[in-house]
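Letter by letter, the chains look like this.
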Amino acid sequence: MTAPSLLETHPHEFGAHLLFTEYDLKPYFAARNSIQEHDGGGSDLATFEHNERTYTITFSYQSSGIAPREDDEINEVHEYRIRVHEVDAPERKASFLIQPRWASMETKEGKPIPTPDVLAVNVKTQGANIEPDAYPTLLRKAARRLDINAQYFEEVHDYSTIYDAARYVRIREQKSRKIHSRNGVLKRTGELVAETDYRKLVQDDRKKSGYYHTVTFSSDGAQRLLRHRYAKEIKHYHTKHPDSFDEDSPLRHPKLETSFQKSKNKSGAVPWHERDRLKRELEEQILNLLGWTGLPLRDDGYTYISDGYHDVDESERDLQLIDDPTPEIRDEQDALVVQKLRDMNESDVEVIDEIVADGGAKPREIAEETEYHLSTVYRALKRLEELVERGEGGVRVASRHLAQRLHDAVQDAEEVLKQTVDKAARALDMSEEELDRRGSALVRWMQEYGAEIEDPENEVPKVKIRNLTGTDIKEAVRELLRAWEKVGKSVRRLKLGTVKYDHPRLDRKDFADIGGVANRRGTIPAKSRRR
């Protein structure tokens, strides 16, 4: 089956540590000799051709801060930088910093430098608008023009890693609004993507609508969205002063870009040999986002803009394209909130309220604000672990959407609490002030079990329990009796009353004598009748 023809994405920023071990330190000393032959370096020392483009070379050196080895006949360990850029498009560029590497390296101050146990050169590689595979080739071509043996840079070692990579498409301004709009796909993704350690949403419209919008998420978020491995940032942004450019200028129109985020990635940098997988993930993220927005995945001759570095094009590629997952994620999170709300007790509500109000807090801070014991806070967090995430900065709600839903739920819970207090006050024939002094335990019990109590003067008390999930009816009734006693009411009279509740194992309502339930040894009602 032929792969579909899809819009090409373009390389942008790139960063890698390319390690070369085959010739030990020979590449380093060759660079040292070359800089001396070129009188300390300079700009535009030479040119070379690559893919029908002309590149110019700049050569320089800098201090490394590394202490020389005992057998090195030098006082200063320098690093040597080769810069290249395309003559006609200077932002298509690369920088190669040649650094020595050996075991047990130290700074001049004697501090150890973490390095692999190899004798080699590391080439810190940075650039823009160049495909990753082209960087070693550009390095070899530049080295050859500087009289450095190009073979030194043939074999990239397996320890080499990528720490930065980005790909983009440039979109016509009028078409990109669906991406960054108030209810656009970027905002939905930022609100819903949940992970255990990092998520960030930025919306900056100060200079113009859609000026700088980003969503950043860790490896967990990447897995949630597209079953990807690598942490990413999705960015919709304009150049600094877009309205200063004519309508025909590419710089008037924004970029949609996806970049790898090493600091948020579970495994850190990406191994060099996984660069194709990284490229694939970046491309899939961009194209899926376009698809979720309803924008074309092929060149329609209008939506996408060529710029000075890349032309709009398409090619046959077998990439993973799926339907927008954010509605499903939203539904799952809504269902989770509903499920958890059914089981929340008073401490759960107060803990989650504190987290939502502050945007996150440490357990000890939550305990201080709620006046709960720290162990109570930890138990609440354990029950709420599907809603919250823990990180170095404390505990926070796992997504913005969950935070909003929980905020609304807490407001509803506070209203329920007011209603519960009113019901308890009427049942006990007390003022709310008196109930607050003596009946807080009873109010908590009524709230936790969704209970109602009637204590008419000439009838036996009646108790109705709506939420018995996970609790034995005997234990619930005994808690009620303790709370009732604290209020100063007659426990003997309450035991004469009845309790109506959902049977813990059968799909039915049960009635039982309160005294009988409190005194029994088993957990199944000895005296009950179906209604």
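Just above sits the structure.
Residues numbered from 1 in each chain as written. Predicted model: local features only at pLDDT ≥ 70, side-chain atom pairs only at ≥ 80, totals over all residues. Heavy atoms only, no water.

**Concerning the sheet that holds strand β17 (residues 452-454)**
Sheet architecture is open: 4 strands sit in the order β17-β18-β19-β20, paired in mixed fashion. The two strands at the open ends of the sheet, each matched to only one other strand, are β17 and β20 (509-513). Across this sheet, the average inter-strand angle for adjacent strands is 15°, counted without regard to direction. Here strand β19 (residues 498-502) pairs with β20 via 5 bridges, running antiparallel. Its bridge partner lying in β20, Thr-498 is registered against Asp-513. Running at roughly 135° to β19, helix α14 (residues 473-487) makes contact with β17, β18 (462-464) and β19 of the sheet. (Pairing = 2+ DSSP bridges. Helix = DSSP H or I, 4+ residues; strand = E, 2+ residues; numbered from the N terminus. Axes fitted to C-alpha atoms, helices over the stretch in contact; angles between N-to-C directions. Contact = heavy atoms within 4.5 Å.)

**Observations concerning the side chain of Thr-370**
Considering the arrangement of structural elements, one finds Thr-370 in helix α9 (residues 363-370). Taking the relative accessible area as the measure of exposure, Thr-370 reaches 12% and is therefore buried. Residue contacts for Thr-370: discarding those within four places in its chain leaves Glu-350, Glu-354 and Val-377. (Buried < 20%, exposed > 50% of the residue type's maximum accessible area, 1.4 Å probe, protein only.)

**Section: unusual backbone geometry**
Even without being glycine, Glu-52 reaches a positive phi, approximately 65°. Locating Glu-52 in the fold gives a position in the loop between β3 (42-50) and β4 (53-63).

**Thoughts on the nonpolar core**
Ile-82, Val-84, Phe-96 and Phe-153 are the most contacted members of the largest nonpolar core, which totals 46 residues. When neighbours within four sequence positions are excluded, Ile-82 is seen to be in contact with Ile-57, Thr-58, Phe-59, Ala-94, Ser-95, Phe-96, Ile-98, Leu-139, Ala-142 and Leu-146. (Core = buried A, V, L, I, M, F, W, Y, C linked by side-chain atoms within 4.5 Å.)

**What to know about the pattern of salt bridges**
Within this structure, the stated rule accounts for 30 salt bridges. Residue Arg-188 pairs with Asp-324 through a salt bridge whose shortest N-O separation is 2.6 Å. Linking Arg-188 in helix α4 (residues 185-192) with Asp-324 in the loop between β14 (314-316) and α7 (326-343), this pair joins segments that are 136 residues apart in sequence. Here Asp-324 falls in the partly exposed class, since its relative accessible area comes to 22%. What you see here is one network of salt bridges that share partners, running through Glu-173, Lys-208, Asp-243, Glu-247 and Arg-252. (Salt bridge = Lys/Arg side-chain N within 4 Å of Asp/Glu carboxyl O.)

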